[in-house]
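Each chain is listed here by its residues.
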Amino acid sequence: MVSAGQMVNRLTPVLRRLKFLPLVGFVALAGCASNAPQDTWAPEGPNAQMIDDLQKPIFAVAGIVGLIVFGAIAFAMYKFRDRGQPIPEQTHGKPVLEITLTIIPALILTVIGVFTVRTVFDLAKTSDTEMVINVTGQQWWWEYDYPVQEELGITKPIITSGQLVFPVGTKVMLRQTSRDVIHSYWIPKLNGKRDAVPGRVHLNRLEADQPGIYAGQCTEFCGLSHANMRMEAVALSKEDFAKWVDQQLADYQAPAEGTLAKEGETVFLNQCVRCHQVNGLKRADGTPAIAAPDENVVSGAAPNLSKLMTRNTFAGAMFDLVTPECRADVWDASRETFGEKYLAGVSEECLNQTDLRSWLRNAPEMKPMYANPALLTSTGGKYRGMPYLALSENDIEKLVAYLLTLK
Ligand SMILES: [Cu+2]
């Protein structure tokens, strides 16, 4: 008979080894989250579907093989465990068994390989492209520029950031590159990931079946704020997309004289235009205000703010430009009303004043940009991201009023 005390003594080392089990449990439970916007197992477009159709069977095959292998190991460990018996007779060579165990995996891998290569080629297809968007990554936000495509109503180039807007049921080809280090573009519900590499253009196909906002984030470690480099792909119905294009191409509306927004425009001209472009904005002397971010920023670019208030996130889709209630309203909208709500843009009531003001007050505090401030000097005084500008609260007030007019 074993006493309870001896039992505990025998079990303790075993239990000690199992202390990570709760962690495994938590990780497993995390897989059950219902609100998982970046779920790779829930495709919502043909490319993601192709990947899903490939990965599910492979996962099953790998799972079965894994179970057989682990089962065989566990069985052998138990059956032949050390009980003080002498070392068994040593043998060498079992050709039939060895050849069989080589042929079976080779056959499995060949079948998987055929399907994989086929999918790789299908995913790489670009000959049937219906629309092109250039995607440029930089620390730590994405820029989207739409070259002229008359058949889509894009009669002038459109430049935006953070949210990639495109029509549903359209084969969109992203032409990806980077202005600094390697980033990677991934909207899990729409396609696999593809790196954005400086000096190269990588093609990536995106297509969504339904209107909606599809989330993603940079998937190649790219520095301090890598985790804050997000993206959102916004799919609109074809009619709504046409409206979005008109919205983006609409002329600049200067704020009326004597308004707070007009004063904000002056602050903007003094403080912001050296980095940020607002198409159509003119200086007091009537000359166009052209931004020259390359002199101030490491990547050589800053987001184009012409239609800032038509997006609903900012700074690499990290912060909401609208209040949580207004954003929930857009996200939860049924497929029919989604486009209408998205196109409405940011109203004064919906503006997330708190985050936008904090951003203008001290952007690097909101989004880490320098692990070590000395780096600012070593990069020749150029900024990586938006700098601290020591603006007065008064100027921030005016700027917010002005930014609200940019739609
Ligand atoms: Cu990145």
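You'll find the structure just up there.
Scoring rules and cut-offs
Residues numbered from 1 in each chain as written. Predicted model: local features only at pLDDT ≥ 70, side-chain atom pairs only at ≥ 80, totals over all residues. Helix = DSSP H or I, 4+ residues; strand = E, 2+ residues; numbered from the N terminus. Rg over C-alpha atoms; globule rule 2.2 N^0.38 Å. Buried ≥ 20, exposed ≤ 12 C-beta atoms within 10 Å, placed from the backbone. Axes fitted to C-alpha atoms, helices over the stretch in contact; angles between N-to-C directions. Parallel < 35°, antiparallel > 145°, perpendicular 65-115°, else oblique. Left-handed = near helix turned anticlockwise from the far one by under 90°. Contact = placed C-beta atoms within 7 Å. Nonpolar A, V, L, I, M, F, W, Y, C, P; charged D, E, K, R; others polar. Pairing = 2+ DSSP bridges. Arc of directions from axis to C-beta. Core = buried A, V, L, I, M, F, W, Y, C linked by C-beta atoms within 7 Å.

Student: Got a minute to help me understand the overall build of the protein in this structure?
Tutor: From N to C terminus, the protein includes 12 helices and 12 strands. At 28 Å, the protein has a C-alpha radius of gyration far larger than the 22 Å of a compact globule built from 407 residues. With respect to the three principal axes, the spread of C-alpha positions in the protein is 100 × 55 × 45 Å. Per-residue burial for the protein yields a buried fraction of 31% across its 407 residues.

Student: How do you make sense of unusual backbone geometry when you look at a structure like this?
Tutor: Negative phi is the rule for most residues except glycine; trans is the rule for most peptide bonds. Cis geometry is adopted by the peptide bond preceding tryptophan 140, which originates at glutamine 139 and carries an omega value of -5 degrees. Notably, alanine 315 is not glycine yet its phi reads approximately 55 degrees, a positive angle. Tracing the backbone through its elements, the reader meets alanine 315 in the loop between strand 11 (313-314) and strand 12 (319-320). Judged by the 24 C-beta atoms lying within 10 Å of it, alanine 315 is buried.

Student: What is the right way to read the packing of helix 9 (residues 353-361) against helix 12 (residues 393-403) from this model?
Tutor: For any two helices packed against each other, the geometry is given by the interaxial angle and the distance between the axes. Close contact between helix 9 and helix 12 brings their axes to 10 Å; oriented N to C, the two are set at 125 degrees. By the angle class used here, helix 9 and helix 12 are oblique. By crossing handedness, the relation of helix 9 to helix 12 is classed as right-handed. Residues Gln353, Leu356, Arg357, Leu360 and Arg361 of helix 9 lie in contact with helix 12, whose contacting residues are Ile396, Leu399 and Val400. Broken down by class, the residue content of the contact of helix 9 with helix 12 amounts to five nonpolar, one polar and two charged.

Student: Honestly, the sheet that holds strand 9 (residues 212-217) in this entry has me stumped. Any pointers?
Tutor: Hydrogen bonds between backbone groups are what pair the strands of a sheet, and the pairing can be parallel or antiparallel. Taken together, three strands build an open sheet; the order of strands is 4-10-9 and the sheet is mixed. Bordering the open sheet on either side are strand 4 (163-167) and strand 9, each of which pairs with just one other strand. Each adjacent strand pair in this sheet contributes to an overall mean axis angle of 20 degrees, direction not counted. In this structure, strand 9 lies alongside strand 10 (residues 230-236), joined through six bridges in antiparallel fashion. By the bridge assignment for strand 10, glycine 212 is matched with alanine 235. Across the face of the sheet, helix 5 (residues 238-249) comes into contact with strand 4 and strand 10 while running at roughly 125 degrees to strand 4.

Student: I would appreciate a short explanation of helix 9 in the present structure.
Tutor: Think of an α-helix as turning once every 3.6 residues; residues three or four places apart then point the same way. Turning to helix 9, its buried residues number three or more, namely Leu356, Trp359 and Leu360. In an axial view of helix 9, the angular spread of the buried residues amounts to 95 degrees, which keeps them on one side of the axis.

Student: Which parts of the structure should I look at to understand the nonpolar core?
Tutor: Inside soluble globular proteins, nonpolar side chains tend to come together where they are buried. Residues Ile133, Leu164, Phe166, Ala233 and Val234 are the most contacted members of the largest nonpolar core, which totals 69 residues. Counting residues per element, this core draws most heavily on strand 10, at five residues. Leave out the neighbours within four places in its chain, and phenylalanine 166 touches Met131, Ile133, Val172, Leu206, Ala233, Ala235 and Phe241.

Student: Would you mind going over the sheet that holds strand 1 (residues 131-138) with me for this structure?
Tutor: An order of 3-2-1-5-8 is seen for the five strands of this open sheet, with the pairing classed as mixed. Whereas interior strands pair on both sides, the edge strands pair on one side only; in this sheet they are strand 3 (158-161) and strand 8 (202-206). Taken over all neighbouring pairs, the strand axes of this sheet differ in orientation by 25 degrees on average, direction set aside.

Student: Mind showing me how you'd approach helix 12 here?
Tutor: Along helix 12, the residues classified as buried are Lys398, Leu399, Tyr402 and Leu403. When helix 12 is viewed along its axis, its buried side chains cluster within an angular range of 135 degrees and face the same direction. For helix 12, exposure combined with an orientation more than 90 degrees from the buried face picks out Glu393 and Asn394. Elements in contact with the buried residues of helix 12: helix 6 (260-271) and helix 9.

Student: So what exactly am I meant to see when it comes to the environment of glutamate 130 here?
Tutor: By the element assignment, glutamate 130 lies in the loop between helix 4 (95-124) and strand 1. Between the C-alpha atom of glutamate 130 and that of alanine 315, which follows or precedes it by 185 residues, the distance is 29 Å. Those residues in contact with glutamate 130 that sit more than four places away from it in its chain are Thr170 and Lys171.

Student: Whenever I open this one, the environment of alanine 292 confuses me. Can you help?
Tutor: With respect to the helices and strands, the residue alanine 292 is situated in the loop between helix 6 and strand 11. It is 24 Å that separates the C-alpha atoms of alanine 292 and methionine 366, two residues lying 74 residues apart in sequence.

Student: Explanation requested: the packing of helix 6 against helix 12 in the structure shown.
Tutor: Relative orientation of the contacting elements helix 6 and helix 12 amounts to 105 degrees, with a least axis distance of 7 Å. On the basis of their axis angle, the class for helix 6 and helix 12 is roughly perpendicular. Between helix 6 and helix 12, the contacting residues are Leu260, Ala261, Glu263, Gly264, Glu265, Val267 and Phe268 on the first element and Asp395, Lys398, Leu399, Ala401 and Tyr402 on the second. Taken together, the residues of the contact of helix 6 with helix 12 break down into seven nonpolar, one polar and four charged.

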